[in-house]
Amino acid sequence: MSEEFDPGAPTEYAERVLDTVDLIPPGRVMTYGDVAEYLGEGGPRQVGRVMALYGGGVPWWRVVRSDGTLLPGHELRALAAYRAEGTPLRVRGPAADGHIPRVDMRRARWDGGAAGPAQGGDG
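Residues numbered from 1 in each chain as written. Predicted model: local features only at pLDDT ≥ 70, side-chain atom pairs only at ≥ 80, totals over all residues. Heavy atoms only, no water.

So, on to the environment of Arg-16. Structurally, the position occupied by Arg-16 is in helix α1 (residues 12–23). Each C-alpha atom, one on Arg-16 and one on Ala-36, is 9.9 Å from the other, the two residues being 20 residues apart in sequence. Leaving out residues up to four positions away in the same chain, Arg-16 has contacts with Leu-39 and Glu-41. (Helix = DSSP H or I, 4+ residues; strand = E, 2+ residues; numbered from the N terminus. Contact = heavy atoms within 4.5 Å.)

Scanning the entire structure with this criterion turns up 6 salt bridges. Between Arg-16 and Glu-41 there is a salt bridge; the shortest N-O distance is 2.8 Å. With Arg-16 in helix α1 and Glu-41 in the loop between α2 (32–39) and α3 (44–54), this pair connects stretches of sequence that are 25 residues apart. Residue Glu-41 is classed as partly exposed on the basis of its relative accessible area, which comes to 29%. (Salt bridge = Lys/Arg side-chain N within 4 Å of Asp/Glu carboxyl O. Buried < 20%, exposed > 50% of the residue type's maximum accessible area, 1.4 Å probe, protein only.)

Below, the discussion takes up helix α4 (residues 75–85). By the burial criterion, the buried members of α4 are Ala-78, Leu-79, Ala-81 and Tyr-82. For α4, the arc enclosing every buried residue in end-on projection is 160 degrees, short of the 170-degree limit, so these residues lie on one face. Projecting away from the buried face of α4 at angles above 90 degrees are the exposed residues Leu-76, Arg-77, Arg-83 and Ala-84. Buried residues in α4 make contact with β2 (63–64), β3 (89–90) and β4 (102–103). (Arc of directions from axis to C-beta.)

This part covers the confidence of the model for the protein chain. For the protein chain, per-residue confidence averages 86 on the pLDDT scale, and 80% of positions sit at 70 or higher. Between residues 116–123, whose pLDDT stays under 50, and residues either more than four places distant or in other chains, the model counts 14 contacts. (pLDDT = per-residue confidence, 0-100.)

In this section: the nonpolar core. The biggest cluster of nonpolar side chains holds 29 residues, and the ones touching the most others in it are Val-17, Val-47, Met-51, Tyr-82 and Val-103. Breaking this core down by element, the ones donating at least two residues are α1, α2, α3, β2, α4 and α5 (105–108). Ranked by the residues each element gives to this core, the list is headed by α1, at 5 residues. Once residues lying within four places of it in the same chain are set aside, the contact partners of Tyr-82 are Val-29, Trp-61, Val-64, Leu-70, Thr-87, Leu-89 and Val-103. (Core = buried A, V, L, I, M, F, W, Y, C linked by side-chain atoms within 4.5 Å.)

Structure representation (structure tokens):
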């Protein structure tokens, strides 16, 4: 018996989180904490909860952990999106399980300013 979970309509806060995620340019990322800071409310956990409940309709792969690791269970889908968008990645060492790269946070992080291609900087 398979029932779909219906979280109901997003709250105003959830709508603001999703609108912010929609602003992140292709090839760039924000951390969960970056999104909360950009909005001036909530925190990383609240943003993560919104993304878990409602993030399927926005470019969810552009919201990442602060260390750049890919979302567990969604690594291959996220990796395909990163490669398609040209998101800067860091290849892990050959001893790493599965050789799944991480997002290069120094180059890919977006601060909410003018949208543009990924580039180096303090981010």
